[in-house]
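One letter stands for each residue in the lines below.
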Amino acid sequence: MIHPPQDSASSALDSRRLTARQSAEYFLNIVRLLDHAVDRDLVTTLTFLSIARANMRVFTADPVRAMRYAAMDAVPPDSDRTPVTVYAIAKELGIPYETVRRHAAKLRKEGLCESVPGGLIIPNTAFLHPGMLGAVQAHWALTQDFVNSAGGHATVASEPPPGDVSRQVVRLGVDYFLDVIALIGRTLEVDALAALVMRAVSFVNIEQHAYDPSAYPDIPVGPRDSEREPVSVYAVAKTLNLPYETTRRHVRRLMERGLLEKSGAGVILPEKVSARPQVLAGIGELTARTEAYLARLAELGVRPGAPPSAA
């Protein structure tokens, strides 16, 4: 994993920004993968993932139970899943209750979600669908690429990899994905969709520097506004598989709040936003979460140079 030089506080900040930049492409690749796997619009996908995570929280919190259902073909029975309410999902995502209720109803109608006493669950039949099985394999490959590019985690477990843990890796990935959305939402006081729009805009703005540790070593806040690559609303909508009008509406609101600015034929996340104290603190928290995620992946055998498939 990337470790900051110890000669100055500014170089440590630069390293945190590098880690944040490297995680952004992986994050957006996961957006596209999950959206394709669920094969629905982004809000429906977020609803699906939030329900699934809540259902499985009892497993991810218990290492023994987690490993019992870690393999591709190890799907826990529906009776072991913890139901979650629409209200809880709406609160977690920062999306209006009626919007989440509508998307949950859509999932129920299509057999991807069920109502049980206590709330909603994603049934195991949904996770055994061929499209979902393919997504598990694709997620492993994306995660291995991210680990390779980020350098893995400095502390490598001495024990050999525990075998097929592909489903557990997916669960950790969903946790990381939703936690990053929540972090951006808290930092900038925006909902889940706006957080995703901000993440997409920010990454395109500085994509050319994403993997260059020497880029802007003396500028703690990164590239100047004139050096950020503007991105169009259309490109953001396509990246996130959001309707154009929905994306345009979120971009407009973010611009009204000063979080995005018009630049050329597109928009940028301006330097003055990157320099806000709460954003700098958020970058530090994102780095810590990314380090913790990489450490858990290393424990499962997802390390630099590991085989491309868990199976």
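Residues numbered from 1 in each chain as written. Predicted model: local features only at pLDDT ≥ 70, side-chain atom pairs only at ≥ 80, totals over all residues. Heavy atoms only, no water.

Observations regarding the environment of Ala66
Along the polypeptide, Ala66 turns up in helix α3 (residues 63-68). When sequence neighbours within four positions are dropped, the list of residues in contact with Ala66 reads Phe59, Thr60, Gln168 and Arg171. (Helix = DSSP H or I, 4+ residues; strand = E, 2+ residues; numbered from the N terminus. Contact = heavy atoms within 4.5 Å.)

Quick notes on the pattern of salt bridges
Overall, the coordinates contain 14 salt bridges when judged by the stated rule. Between Glu98 and Arg101 there is a salt bridge, with the nearest N and O atoms lying 2.9 Å from each other. Taken together, the residues span about one helical turn, with Glu98 and Arg101 both in helix α5 (residues 97-109) at a distance of 3 residues. Accessibility expressed as a relative area gives 42% for Glu98, which makes it partly exposed. (Salt bridge = Lys/Arg side-chain N within 4 Å of Asp/Glu carboxyl O. Buried < 20%, exposed > 50% of the residue type's maximum accessible area, 1.4 Å probe, protein only.)

Side note on empty space enclosed by the protein
Across all of its chains, the model carries 3 cavities of 30 Å³ or more by this definition. Within this model, the second largest cavity holds a volume of roughly 400 Å³. At the level of elements, α1 (9-38), α2 (42-60), α7 (130-150) and α8 (166-188) are the ones that each hand at least two residues to the lining of the second largest cavity. Broken down by element, the residue count for the lining of the second largest cavity peaks at 6 residues, all from α2. Tallied by class, residues from the lining of the second largest cavity come to 16 nonpolar, 2 polar and 5 charged. (1 Å grid on protein atoms, 1.4 Å probe; cavity = no way out; pocket = protein on both sides within 12 Å on 5 of 7 lines; lining within 4 Å. Points joined across faces, edges and corners; volume = space filled by probe spheres on them. Nonpolar A, V, L, I, M, F, W, Y, C, P; charged D, E, K, R; others polar.)

A word on the packing of helix α9 (residues 192-206) against helix α11 (residues 244-256)
Running from N to C, α9 and α11 cross one another at 80 degrees; their axes reach a closest spacing of 10 Å. The orientation of α9 with respect to α11, classified from their angle, is roughly perpendicular. Across the interface between the two elements, Leu193, Ala194, Val197 and Met198 from α9 touch His250, Val251 and Leu254 from α11. (Axes fitted to C-alpha atoms, helices over the stretch in contact; angles between N-to-C directions. Parallel < 35°, antiparallel > 145°, perpendicular 65-115°, else oblique.)

Remarks on the nonpolar core
Grouped burial of nonpolar side chains is what soluble globular proteins tend to show. Counting 89 residues, the largest nonpolar core has Leu46, Phe48, Phe177, Ile181, Leu196 and Leu240 as its most contacted members. Top contributing element to this core by residue count: α8, with 12 residues. Non-local contacts of Ile181, meaning those with residues more than four positions away in its chain, are made with Phe27, Leu46, Ala192, Ala195 and Leu196. (Core = buried A, V, L, I, M, F, W, Y, C linked by side-chain atoms within 4.5 Å.)

Topic: the confidence of the model for the protein chain
In this model, the protein chain carries a mean pLDDT of 85, and residues with pLDDT of at least 70 account for 86%. With pLDDT under 50 throughout, residues 1-13 is counted as low confidence; its partners more than four residues away or in other chains account for 24 contacts. (pLDDT = per-residue confidence, 0-100.)

Considering the packing of helix α10 (residues 233-240) against α11
At a minimum axis separation of 9 Å, α10 and α11 run at an interaxial angle of 120 degrees. Put simply, α10 runs oblique to α11. As for how α10 packs across α11, the hand of that crossing is right-handed. Contact residues: Val233, Tyr234, Val236 and Ala237 in α10; Tyr244, Thr247, Arg248 and Val251 in α11. Its residues placed into classes, the contact of α10 with α11 shows 6 nonpolar, 1 polar and 1 charged. (Left-handed = near helix turned anticlockwise from the far one by under 90°.)

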